[in-house]
Amino acid sequence: METLALFLQTAVQMGTPLLFATLGGILCEKSGHLNLGIEGMMLMGAVMGFQVAYLTGNPVLSMVAAGLCASFGALIYAFITVTLRGNQIVTGLTLTIFGTGFSNFLGRNLSDVNLPASIGAFFKPLDIPFLTDLPIVGKMFFNQGIYVFLSLIIAVLLYFYLKKTRFGLSLRGIGENPAAAD
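Quick summary incoming for the structure in this document. (Residues numbered from 1 in each chain as written. Predicted model: local features only at pLDDT ≥ 70, side-chain atom pairs only at ≥ 80, totals over all residues. Heavy atoms only, no water.)

**Here's the deal with the side chain of Ser151**
Move 1: One can find Ser151 in helix H7 (residues 146–164).
Move 2: In this structure, Ser151 is in contact with Thr16, Leu19, Phe20 and Leu23, ignoring residues within four places of it in sequence. (Helix = DSSP H or I, 4+ residues; strand = E, 2+ residues; numbered from the N terminus. Contact = heavy atoms within 4.5 Å.)

Shown next, in the form of structure tokens:
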């Protein structure tokens, strides 16, 4: 029973980055863009966040650096596909290849380093009283780091945004039929 709980807890942890990527992909897809560069943006952000965490020991600064680096990748994608009207598929795949090379280049010397203890302490699992003690589900969902909780909250908020708000309806309308939205 303990092995199953540990397996499910790890599966939720490992699936969290995929959930973030999926939510971003859904938002892009609903707006009418096929962004195949999400993986490259995530790789760029991850290596930059890791490097800043290693150099500074500051978890907040590392999260900001990761977000800014990934946002820079998104800015490149948006400029090429929206402003220059470039091909979305080619641009996305190019950004994925670039992000892979970028992360390999910057991260080649970081594979054997240990992060400072301040980083591990900041991202340690949160222990929610009573809920963590539930069999199987307690460890799976309620003994997780902040990013797991954040991903679940964002998933619910994105659902309500797309399905229950006027802005979400407009976004879906633009993605499905831009001429009608005009």
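**Describing unusual backbone geometry**
The phi torsion of most residues other than glycine is negative, and most of the peptide bonds are trans.
Move 1: Even without glycine at this site, Arg85 takes up a positive phi of about 55°.
Move 2: Looking at the secondary structure, you find Arg85 in the loop between helix H3 (59–83) and helix H4 (88–107).
Move 3: Even without a glycine there, the phi angle at Phe130 is positive, about 70°.

**Observations concerning the packing of helix H2 (residues 38–56) against H3**
When two helices pack together, their arrangement is given by the angle between their axes and by how far apart the axes lie.
Move 1: At a minimum axis separation of 7 Å, H2 and H3 run at an interaxial angle of 155°. With respect to each other, H2 and H3 are oriented roughly antiparallel. Relative to H3, H2 is oriented so that their crossing is right-handed. In this structure, H2 uses Met41, Met44, Gly45, Met48, Gly49, Val52, Ala53 and Thr56 to contact H3, whose residues at the interface are Leu61, Ser62, Ala65, Ala66, Cys69, Ala70, Gly73, Ala74 and Tyr77.
Move 2: Along the lines of polarity and charge, the residues of the contact of H2 with H3 split into 12 nonpolar, five polar and no charged. (Axes fitted to C-alpha atoms, helices over the stretch in contact; angles between N-to-C directions. Parallel < 35°, antiparallel > 145°, perpendicular 65-115°, else oblique. Left-handed = near helix turned anticlockwise from the far one by under 90°. Nonpolar A, V, L, I, M, F, W, Y, C, P; charged D, E, K, R; others polar.)

**A few points about a nonpolar patch on the surface**
Move 1: Taken together, the side chains of Leu126, Ile146, Tyr147, Leu150 and Ile154 present a nonpolar region at the surface, about 380 Å² in accessible area.
Move 2: Relative to the helices and strands, Leu150 is located in helix H7.
Move 3: Taking the relative accessible area as the measure of exposure, Leu150 reaches 36% and is therefore partly exposed. (Patch = residues over 30% accessible without salt bridge, like charges linked within 9 Å, V, L, I, M, F, W, Y side chains within 5 Å. Areas by Shrake-Rupley, 256 points an atom, 1.4 Å probe, with all protein chains shown as cover. Salt bridge = Lys/Arg side-chain N within 4 Å of Asp/Glu carboxyl O. Buried < 20%, exposed > 50% of the residue type's maximum accessible area, 1.4 Å probe, protein only.)

**Observations regarding the side chain of His33**
Move 1: Topologically, His33 is positioned in the loop between helix H1 (2–30) and H2.
Move 2: Not counting residues within four places of it along the chain, the set of residues in contact with His33 comprises Cys28, Tyr77, Thr81, Val82 and Gln88.

**A few points about the environment of Val47**
Move 1: Mapped onto the elements of the fold, Val47 is located in helix H2.
Move 2: Along the primary structure Val47 and Ile153 are separated by 106 residues, whereas in three dimensions their C-alpha atoms are 25 Å apart.
Move 3: When near neighbours in sequence (up to four residues on either side) are disregarded, Val47 contacts Phe102, Ser103, Leu106 and Gly107.

**What to know about helix H8 (residues 166–176)**
Move 1: For H8, the set of buried residues is Gly168, Leu171 and Arg172. With its buried residues spanning 95° around the axis, H8 presents them on a single face. H8 presents Arg166, Phe167 and Leu169 as exposed residues on the side facing more than 90 degrees away from its buried surface. (Arc of directions from axis to C-beta.)

**Some words on the environment of Met140**
Move 1: Positionally, Met140 belongs in helix H6 (residues 137–142).
Move 2: On a C-alpha basis, the gap between Met140 and Gln13 in space is 8.7 Å, while along the polypeptide they are 127 residues apart.
Move 3: Here Met140 is in contact with Leu8, Gln9 and Val12, once residues within four sequence places are set aside.

**Things to note about H4**
Move 1: Helix length check: H4 (20 residues) gives 28 Å between terminal C-alpha atoms against 28 Å at 1.5 Å per residue, within 8%.
Move 2: Within the sequence span of H4, burial applies to Thr91, Gly92, Leu95, Thr96, Gly99, Ser103 and Gly107. Buried residues of H4, seen end-on, are gathered within an arc of 140° and therefore sit on one face of the element. Residues of H4 that are exposed and angled more than 90 degrees away from the buried face: Ile97, Asn104 and Phe105.
Move 3: For H4, the side-chain oxygen to backbone nitrogen distance between the N-cap and Ile89 is 2.8 Å, and the N-cap itself is Asn87. (Expected span 1.5 Å × (residues − 1). Polar contact = N/O pair within 3.5 Å; in protein donor to acceptor, adjacent residues only side chain to side chain.)

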